[in-house]
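Take a look at the letters that make up each chain.
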Amino acid sequence: MTHHRIFTRLLSGTFTLILSLAGSLLLAQEAEQTISAAQPSELPAGLQTVSFFSPAVSRQMKFDIVLPPDYSESDARYPVLYLLHGYMQNYTVWGRNLGAAFYARSFSDLIVVMPDAGNSWYINYASSEGNQRNNWEDHIVRDVIGHVDSNFRTLASREGRSIAGLSMGGYGAVMLGLRHPELFISVASTSGALAHARNRATAIAEGQPAPVARSIGDSPELARADAFISQIIDIPGFSSQDERNPRGTDFETVEQAEAYDPFHIIYDVPKSRLPHIYLDSGVDDGLITATHEFMQILLLNDVPFAYMQSQGRHNSEYWRRSIGHLMSVQYEVMQRALGNRP
């Protein structure tokens, strides 16, 4: 049996994470890390890994990127879709395990970028400790996007840029898209933890302590899996789960949490500037309730959106099925915004 199959079986049985956010009924989340152990020659076609320095977090970081098949032979510029990973996942999961690289190449004229943000929830932390910089929102919207636009032939405009994610990344995509509508024409969430900041605001208002990241050191199985994953991530000082948990406080006040709450900030964006919104969830996913609640806001305020639900739980099997449809929707939104459709 290959290392990849052993690893996948280990994780499918052990990487079920209970995210205990104080006072929250958020979820019982399977944060699966089914990451390929393949050598670079075995990576999906068109996929490469880029290492760069991110001032926002003062770290050398990485992202995976999939370029169109004829990228090196053409001088064309391409729209870009950014895919955000979930909690306890990393930049490799979308392209190497969840089918994003396959679908990206099938479009022939789309760049797909899969950045890394650790277990940060894609926010700028209210305070950091241990000489860390934890401006993870800025890492995505300034440093990653800036590096991609500067080093690849992108259509560096709102019309040519979309963002999506799963679970924590679904929250991140919707939240970042609403906080920066000038950057993204479309946002998408699959199995999104959309109530994260809302739950944190409630906890702060009730005087509950900030959540403490759970160490996996007490579980030998998880520790072995983490050591294996760390070799694949290979970011100095940011490869193990303990390293990937930001040191500091996410939100110190209710106002800070609400500033990152999609249920709150959607009212701050004029309807004419709202990005296209796509949501999906498995019917057996505990997070579907938050998605339904967010949909009610959209319905009551006559905000256009697309929604799909199908059989499935909060796991990689569902995400492999959802990604093709999600990417197709966002690709079409960009093509219409760019004037490439009748």
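Above this text is the structure in question.
Quantities reported herein were computed from a predicted structural model and do not represent experimental measurements. (Residues numbered from 1 in each chain as written. Predicted model: local features only at pLDDT ≥ 70, side-chain atom pairs only at ≥ 80, totals over all residues. Heavy atoms only, no water.)

## Digging into the sheet that holds strand β12 (residues 306-310)
Step number 1: One open sheet holds the 8 strands; their spatial order is β3-β4-β6-β5-β8-β9-β11-β12, and the pairing between them is mixed. On the outer flanks of this sheet lie β3 (47-54) and β12, each paired with one strand and no other. Put simply, the sheet's adjacent strands are angled 20 degrees from each other on average, direction ignored.
Step number 2: Relative to β12, strand β11 (residues 276-282) runs parallel, the two being bridged by 5 bridges. Opposite S281, over in β12, you have Q309 as the bridge partner.
Step number 3: On top of the sheet, helix α5 (residues 168-179) reaches β5 (80-84), β8 (161-166) and β9 (186-190); it is set at about 150 degrees to β8, its chief contact. (Pairing = 2+ DSSP bridges. Helix = DSSP H or I, 4+ residues; strand = E, 2+ residues; numbered from the N terminus. Axes fitted to C-alpha atoms, helices over the stretch in contact; angles between N-to-C directions. Contact = heavy atoms within 4.5 Å.)

## Things to note about helix α3 (residues 100-107)
Step number 1: Along α3, the residues that are buried comprise A100, A101, A104 and F107. Along the long axis of α3, the arc covered by the buried residues comes to 120 degrees, so they all point the same way.
Step number 2: Where α3 is buried, its residues touch β3, β4 (59-66), β5, α2 (93-97), β6 (111-115) and α12 (316-337).
Step number 3: Positive phi shows up at S108, right after α3, with a value of about 70 degrees. (Buried < 20%, exposed > 50% of the residue type's maximum accessible area, 1.4 Å probe, protein only. Arc of directions from axis to C-beta.)

## Here we look at the nonpolar core
Step number 1: Membership of the largest hydrophobic core comes to 69 residues, with the highest contact counts inside it found for F63, V113, I163 and F294.
Step number 2: Tallying contributions element by element places α5 first for this core, with 7 residues.
Step number 3: Of all hydrophobic cores here, the second largest spans 28 residues; its members include A104, W319, V329 and V333. (Core = buried A, V, L, I, M, F, W, Y, C linked by side-chain atoms within 4.5 Å.)

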